[in-house]
Amino acid sequence: MNRITTFTLLLLSFFIFTGCHTTDSLDPSDDTIFQYSVLSSLLQGVYDGDMNFGELSDHGDTGLGTLQHLDGEMIALDGVFYQINSDGDALVIPDSEMTPFAVVTEFSPDITISTQEVLELGELYTYIDERIPSENLPYCIRISGTFSYVKTRSVPEQQRPYPVLLEVLKEQPIFEFEQITGDIIGFRLPDYMGEANAAGYHFHFITEDRSAGGHLLACTTDDIMIQIDISDQWYVSIPEDEDFLEFKANDDQYR
Ligand code: ZN
């Protein structure tokens, strides 16, 4: 279902709210958000994971995350996984590369909206909020088109002993684009998922020529298509390496 009318959206909402699931939605490979590790461990400096991108790609073709040693931002779309390194350059990630944190899904949009409204990032959040059936469902979102402005950041590869993420972000390289065509990929997650991921919106950007991008800090839309994939399952794969086993999940001082 690539494009639905308001009427079918209402019908869809009805089925969601009445808990009427099709057999498809019970298939773990369909409409499942797959997450490797949790964001709180990344915030506290757990930058080594034990899952590689070959394994990750079995769980989805679209998503975001980071690479081993916090070596840049990751964005996945159309089944290709890209690293945005600390120079802002996009590079295809080999299957053998590892990740400490990533979130992916098999992208199949349920809602498609095109708009030429000029929206800054906060306005874009509101625009999407007004068009989703509930704030208590997780969504994978792809926004494709032209932007009059995009501002991103990346992160440089870290060495042990690892600083917490907040310290790394004080030195984050920033990149700005004007009149750029590209894709934003990300998630809008319910508040109740905030402890294990980031509640609300989290977006990464990549240019249409797949040469540059980063974690989205700001944008102004020009002519875009918003595709929203409604999910009803959330799978978290929990690491078992020493760093993860020892980090303090309830330590809020770095949030
Ligand atoms: Zn990010």
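This text gives an overview of the structure that appears in the document. The structure displayed is predicted, hence computed values, not measured ones.

## Considering the nonpolar core
- Core analysis: the biggest nonpolar cluster contains 28 residues, and Ile128, Ile143 and Ile226 have the highest contact counts within it.
- Going through the elements one at a time, strand E9 (111–115), helix H4 (121–129), strand E10 (139–153), strand E11 (174–189), strand E12 (200–207) and strand E13 (213–230) are the ones with two or more residues in this core.
- The dominant element in this core, judged by the number of residues it contributes, is E13, at six residues.
- With residues near it in sequence (within four places) discarded, Ile143 still touches Leu124, Ile128, Gly182, Asp183, Ile184, Phe203, Ile224, Met225 and Ile226.

## Observations regarding a negative patch on the surface
- A cluster of acidic side chains, namely Asp50, Glu55, Asp58, Asp95 and Glu240, defines a negative patch on the protein surface.
- Mapped onto the elements, Asp50 comes out in the loop between helix H2 (39–43) and strand E2 (51–52).
- Residue classification places Asp50 among the partly exposed residues on the basis of a relative accessible area of 38%.

## Details of unusual backbone geometry
- Cis geometry is found at the peptide bond from Arg160 to Pro161, where omega equals 0 degrees.
- Within the secondary structure, Pro161 is located in the loop between E10 and helix H5 (165–169).
- Its identity is not glycine, yet His69 carries a phi of approximately 65 degrees, on the positive side.
- Tracing the sequence through the fold places His69 in the loop between strand E3 (62–66) and strand E4 (73–77).
- Exposure remark for His69: the relative accessible area of 29% places this residue in the partly exposed category.

Parameters at a glance
- Residues numbered from 1 in each chain as written.
- Predicted model: local features only at pLDDT ≥ 70, side-chain atom pairs only at ≥ 80, totals over all residues.
- Heavy atoms only, no water.
- Core = buried A, V, L, I, M, F, W, Y, C linked by side-chain atoms within 4.5 Å.
- Buried < 20%, exposed > 50% of the residue type's maximum accessible area, 1.4 Å probe, protein only.
- Helix = DSSP H or I, 4+ residues; strand = E, 2+ residues; numbered from the N terminus.
- Contact = heavy atoms within 4.5 Å.
- Patch = residues over 30% accessible without salt bridge, like charges linked within 9 Å, V, L, I, M, F, W, Y side chains within 5 Å.
- Areas by Shrake-Rupley, 256 points an atom, 1.4 Å probe, with all protein chains shown as cover.
- Salt bridge = Lys/Arg side-chain N within 4 Å of Asp/Glu carboxyl O.
- Lys, Arg positive; Asp, Glu negative; His and termini not counted.
- Charge placed at Lys NZ, Arg CZ, Asp CG, Glu CD.

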